[in-house]
Amino acid sequence: ITSFIHTILRYGRDGPGLFGSCTGYYGMVEAQGRGTLHCHFVVWLKGHLSPQSMVERLAVDGEYKCALTSWLEDVIKCELPDDDVIVPKSVHKPVSDGTIDPRTREIPNTSAMDDVTFVAHFNEEVTDLAMRCNWHVHNSTCWKYLRPNDKRVDENCRMRMTGETREETIVDRNGAISLRRLHPWIANYNDVCLYLFRCNMDIKMIGSGQAAKALMYYITDYVTKSALPLYEGLAALSHAITVLGLSDGDPAQDKIAKVRLVSVVNSMMSRHEMSHPQVMADLLGNGDRYASGTFRPLYWGSFDRFVAFHMRENDGSWNEPRLTPLCTCDDEVGREHESVGEERSEDFDDSAYLSFSGESITASNQLQDYTLRPIEPFCDEVSLWTFVSDMDKVPLSVERTRLASLEGRT
């Protein structure tokens, strides 16, 4: 993956990479059901328009439309290298003839080849790899989320491999791009990446805000989803409460029981199984996430309680009973020992978050940092998002050392 970032994306290096000038990337490693690892990457490229601007320009600028579709057809392949006409939907995946698997056979010394010989070798390898790795055949995974009355037909394939083909790339009036597809069953791939990776791959342009949000959910869901679905955990708890008859009708005890229930659900949902390859990858020092930027935590639960308290206080309902949230934020885990009675404004978040740097320990409280920020114009009107993402909090001793160093240089 490091080689992919350095050589193919060329992030942080002079000149564009395979897809263009990469300005950012985010990759998340996931383990499949059988334990094997694979990575999903989002790549940002310099010079592309925003989704709305792209839609508007595609509608009026034929030259831009032609350039964009040509670039997409060059980067994303939906057919085999030698396909120049539409392949019929009835075509079947070739049966293995006993030759060496193209994913494992030795690559010849390509540096000694002339251009014509290398192109022939490249196309042959890509053809064999695409047929072996990217030829879609419907299986149980395709029908994983079908409703009882839905039929197992091409149109209901979860992978959206319906066997549809088209001779040329189509851009509709809403800016949606349907790429040229000459082969009905070859999933999207990039020929250079397939040749180098020698395994299944997929590639897609994210040209709309809706698609971007769907993809980010798809990727981050791998991190948050647990082995035990939420509804199954709740059903088990509900059954246990019913069988044991834990509720005695006491309102005070019921309120405490709700808090305990939230704690139990959070504990169950936070358990995440790890495969053997994931454990070994961590022991070997390999990453489970690859990103060009840094991320800062936002302890949303503290701010949510703070705002909710003042909203109830303003409308006079601060002392009315509230429903306990079903799922709480990470920073609320372990707070079940707190009183479940009336909230006080000073009880929103009494936790200190510790940062360790060398031999020093810094304690901070994000809610207090924001609500007690300076009244200077550049701080007073700043939003919570900007405050957390763009502002740094450093120990006073560190800042004094930095200022003294600057004065010494001047």
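Scroll up a little and you will see the structure.
Calculation rules
Residues numbered from 1 in each chain as written. Predicted model: local features only at pLDDT ≥ 70, side-chain atom pairs only at ≥ 80, totals over all residues. Heavy atoms only, no water. Patch = residues over 30% accessible without salt bridge, like charges linked within 9 Å, V, L, I, M, F, W, Y side chains within 5 Å. Areas by Shrake-Rupley, 256 points an atom, 1.4 Å probe, with all protein chains shown as cover. Salt bridge = Lys/Arg side-chain N within 4 Å of Asp/Glu carboxyl O. Helix = DSSP H or I, 4+ residues; strand = E, 2+ residues; numbered from the N terminus. Buried < 20%, exposed > 50% of the residue type's maximum accessible area, 1.4 Å probe, protein only. Axes fitted to C-alpha atoms, helices over the stretch in contact; angles between N-to-C directions. Left-handed = near helix turned anticlockwise from the far one by under 90°. Contact = heavy atoms within 4.5 Å. Nonpolar A, V, L, I, M, F, W, Y, C, P; charged D, E, K, R; others polar. Pairing = 2+ DSSP bridges. Expected span 1.5 Å × (residues − 1). Polar contact = N/O pair within 3.5 Å; in protein donor to acceptor, adjacent residues only side chain to side chain. Core = buried A, V, L, I, M, F, W, Y, C linked by side-chain atoms within 4.5 Å. Domains from an automatic or database assignment. Phe/Tyr/Trp six-rings, centres within 6.5 Å; stacked < 30°, edge-to-face > 60°. Lys NZ or Arg CZ within 6 Å of the ring centre and 35° of its normal.

Draft legend 1. Geometry of a nonpolar patch on the surface. Together, Met-274, Val-279, Met-280 and Leu-283 make up a nonpolar patch on the protein surface, roughly 380 Å² of accessible area in all. The residue Val-279 is located in helix H9 (residues 276–283) in this model. Owing to a relative accessible area of 34%, Val-279 belongs among the partly exposed residues under this scheme.

Draft legend 2. Local environment of unusual backbone geometry. In this structure, Arg-10 is a non-glycine residue whose phi angle is positive, near 55°. Here Arg-10 lies in the loop between helix H1 (2–9) and strand E1 (22–31). Phi at Arg-198 is positive, roughly 60°, even though this residue is not glycine. Within the element layout of this structure, Arg-198 appears in the loop between helix H5 (191–197) and helix H6 (209–224).

Draft legend 3. Geometry of the packing of helix H2 (residues 51–60) against helix H3 (residues 62–75). At a minimum axis separation of 6 Å, H2 and H3 run at an interaxial angle of 115°. As H2 runs across H3, the sense of the crossing is left-handed. Where H2 approaches H3, its residues Met-54, Arg-57, Leu-58 and Val-60 are matched on the opposing element by Gly-62, Tyr-64, Lys-65 and Leu-68. Partitioned by chemical class, the residues of the contact of H2 with H3 number 5 nonpolar, 1 polar and 2 charged.

Draft legend 4. The arrangement of the sheet that holds E1 in detail. The strand order E2-E1-E5 describes an open sheet built from 3 strands, whose pairing is antiparallel. Each edge of the sheet is formed by a strand with only one pairing partner; in this case those strands are strand E2 (37–45) and strand E5 (289–291). Recorded for the sheet is a direction-independent mean angle of 10° between the axes of neighbouring strands. Where E1 and E5 come together, 3 bridges link them in antiparallel fashion. Considered in E5, the bridge of Gly-27 is made with Tyr-290.

Draft legend 5. Expanded view of helix H4 (residues 115–133). With 19 residues, H4 extends 26 Å between its outermost C-alpha atoms, agreeing within 8% with the 27 Å of an ideal straight helix rising 1.5 Å per residue. Among all positions in H4, only His-121, Phe-122, Glu-125, Val-126, Thr-127, Leu-129, Ala-130 and Cys-133 are buried. The elements touched by buried residues of H4 are H5. Its side-chain oxygen 3.2 Å from the backbone nitrogen of Val-116, Asp-114 forms the N-cap of H4.

Draft legend 6. Here's a closer look at the nonpolar core. Leu-9, Phe-19, Ile-76, Tyr-189 and Leu-194 are the most contacted members of the largest nonpolar core, which has 33 residues in total. Among the elements of the structure, H1, E1, H2, H3, H4 and H5 are those that each provide at least two residues to this core. When residues of this core are sorted by domain, at least three fall in each of domain 1 (1–71 + 276–295) and domain 2 (77–203). Those residues within four positions of Leu-194 in sequence are excluded, and the remaining contacts are Val-126, Leu-129, Ala-130, Asn-134, Tyr-189, Cys-199 and Met-201. Within the second largest apolar cluster, 7 residues are counted, among which are Leu-367, Tyr-370, Val-382 and Val-388.

Draft legend 7. Region of the structure containing the side chain of Glu-79. Its place among the elements puts Glu-79 in the loop between H3 and H4. When its relative accessible area of 6% is taken as the criterion, Glu-79 is described as buried. A polar side-chain atom of Glu-79 sits 3.5 Å from a polar atom in the side chain of Arg-180. Within polar-contact distance, the side chain of Glu-79 engages the backbone nitrogen of Leu-182 at 3.2 Å. Contact partners of Glu-79, with chain neighbours within four places excluded, come to Arg-180, Arg-181, Leu-182, His-183, Ile-186 and Tyr-189.

Draft legend 8. The arrangement of the pattern of salt bridges in detail. Applying the stated criterion to the full structure yields 13 salt bridges. It is possible to trace a salt-bridge network through shared partners that takes in Arg-105, Glu-125, Asp-128 and Arg-198.

Draft legend 9. Local environment of the packing of aromatic side chains. What the rule picks out here adds up to 9 aromatic pairs. Ring centres of Tyr-25 and Phe-41 lie 6.0 Å apart, and the angle between their planes is 40°; on these two criteria the pair is classed as tilted. With a gap of 16 residues between them, Tyr-25 in strand E1 and Phe-41 in strand E2 connect regions that are remote in the sequence. Taking the relative accessible area as the measure of exposure, Tyr-25 reaches 11% and is therefore buried. Every member of this aromatic cluster is reached through a ring pair, and the members are Phe-4, Tyr-11, Tyr-25, Phe-41 and Phe-197. Over the ring of Tyr-370 we find Arg-373; its NZ or CZ atom is 4.0 Å from the centre of that ring.

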